[in-house]
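# Analysis of the macromolecular model
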Amino acid sequence: MSHTFHVVVVGLGVMGSAAAWRLSQQGVSVLGLDSGAPINVLGSSYGSSRIFRQAYWEGLDYLPVLKQADEGWRELQAISGRSFLYASGGLFIGSRLSGVVSKSVATAKAGCIGYRRLTSSQVAKKFSAFHLSPEMEAVFEDGAYTIAADNAHLEMLNQAVVNGAQLRYGCRLDRIERIDGCLVLKLADGQTIQADRVILATGASLANSLIPDLVGIVRPVSVPVYWFNYKFGCERGFVNFPAFLYELHDGRLLYGTPQISQLEQGVKIGFHNHQQSGLNMDNQRFPVSEAYIDEVSECVASIFSGLSAQPYASKKCIYTLTPDDSFLLGESKELPGVYYISACSGHGFKFAPGIGNYMARAVQGESLSDMASIFSIARFDKSRLP
Ligand SMILES: Cc1cc2nc3c(=O)[nH]c(=O)nc-3n(C[C@H](O)[C@H](O)[C@H](O)COP(=O)(O)OP(=O)(O)OC[C@H]3O[C@@H](n4cnc5c(N)ncnc54)[C@H](O)[C@@H]3O)c2cc1C
């Protein structure tokens, strides 16, 4: 049996969900499908928390999308009547000349984002949980927040359905073809669906050959994340604990989020640019290696005297990387009418409502040129990639 929709969104992680929500708000007939479940432990969007920050050390170019995304998260929270944005603030730490400190300041200044620059002794007074050596500094962004990720993601899906979107789970797309001017989606269960436009938001699977455009550019990796509990009697040091980035002297970058729910004790911590290994889905459910646990424990012990040195839990997650650690967003050259989003190199969650908005506009014929330069595939010359 074959059905026709104006837009089919394939992959309902946070990116596909945001696109489906935005399209449904505009009254577009939209079907969302995902091979997994709404909360997909093997996807990249799964988890209790994500950081939202705008003093973005990664660059000024992200500012317009960050602003849209911020408005989108607040809009979603207001519509839903539920709370999933926690005003934790964000503390970005590094040596005085580190990229994290100097570039966060540069973006904050350019975007009029409120921030304070703190010396190591000011950090010690205000955020006593952290240890900084004297030559280190920090940038505090008061308006940064921690998103309750699963709840926010589910709320997008709720709102999409309330607005008339159809969603299907356990439904894998195998192939897309163009037949008689229409895009035909062939599902693993033998069904076919017709669409005028398709948005591929398939996360790590963007690396596979559903459309050839991205092959060789997108690289999925497995990355561990850890949970550390407070040492007995040290909980008070973690009241008003911010989301954070902490750049070590050798360039390894730790991130962390505060406890925002009674269901998940302590602080979630991981390396952003380290402990990455080639993705093998069969290994994703295996325990994180002892060597990785020892390494992160040593770092955590040197920064947080109030946290137990050993994590009480750890888990493997997935980053989908591009060669410059930014994103990919565009229309397939090989299969026009098929759009792709994400490959967010491990920092895309915060952008979802903004990127969803752009995508909803793009599939309705608006130009993507205002964000093309930073997210366009044209910035890569495939013949020069390793
Ligand atoms: C541990 C960790 C911490 C992070 N922290 C932050 C943070 O603090 N702030 C931040 O902004 N970002 C953060 N990120 C990055 C962010 O979470 C990801 O960039 C984002 O979730 C990617 O979402 P996605 O929708 O593109 O992919 P996914 O969530 O992986 O969704 C892709 C979906 O596509 C489905 N799919 C795949 N192939 C098919 C197919 N053929 N047919 C049907 N469905 C298919 C999958 O089942 C999956 O559900 C973090 C990521 C990780 C892993």
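The present account deals with the structure reproduced in this document. (Residues numbered from 1 in each chain as written. Predicted model: local features only at pLDDT ≥ 70, side-chain atom pairs only at ≥ 80, totals over all residues. Heavy atoms only, no water.)

### So, the site of the ligand
- As a structural note, the neighbourhood of the ligand is formed by 32 residues, with D34, S45, I51, S342 and K350 the closest of them.
- In this structure, an oxygen atom belonging to the ligand sits 3.3 Å away from a main-chain N or O atom of V14.
- Separating an oxygen atom of the ligand from a backbone N or O atom of F349 is a distance of 3.0 Å.
- Coverage of the ligand by the protein chains reaches 93% of its 1000 Å² of free accessible surface.
- At the level of elements, α1 (14–25), β3 (49–52) and β18 (313–321) are the ones that each hand at least two residues to the shell around the ligand.
- Looking at the shell around the ligand, the element that brings in the most residues is β18, giving 3 residues.
- A breakdown of the residues in the shell around the ligand according to their chemical character gives 13 nonpolar, 15 polar and 4 charged.
- The two domains that each donate at least three residues to the shell around the ligand are domain 1 (2–46 + 150–215 + 323–384) and domain 2 (90–142 + 220–321). (Near = heavy atom within 4 Å. Polar contact = N/O pair within 3.5 Å; in protein donor to acceptor, adjacent residues only side chain to side chain. Areas by Shrake-Rupley, 256 points an atom, 1.4 Å probe, with all protein chains shown as cover. Helix = DSSP H or I, 4+ residues; strand = E, 2+ residues; numbered from the N terminus. Nonpolar A, V, L, I, M, F, W, Y, C, P; charged D, E, K, R; others polar. Domains from an automatic or database assignment.)

### Concerning the packing of aromatic side chains
- One pass over the structure, following the stated rule, counts 19 aromatic pairs.
- An angle of 80° between the planes, with centres 5.5 Å apart, marks the rings of Y56 and F351 as edge-to-face. Pair noted here: Y56 is in the loop between β3 and α2 (63–80) and F351 is in the loop between β20 (338–342) and α7 (352–362), with a separation of 295 residues, a long-range link. Per residue, the accessibility class of Y56 equals that of F351, and both read buried.
- Grouping aromatic residues by their ring pairs yields a cluster made of F130, Y230, F238, F241, F244 and F304. (Phe/Tyr/Trp six-rings, centres within 6.5 Å; stacked < 30°, edge-to-face > 60°. Buried < 20%, exposed > 50% of the residue type's maximum accessible area, 1.4 Å probe, protein only.)

### A closer look at the side chain of S24
- If you trace the backbone, S24 turns up in helix α1.
- Residue S24 is classed as buried on the basis of its relative accessible area of 4%.

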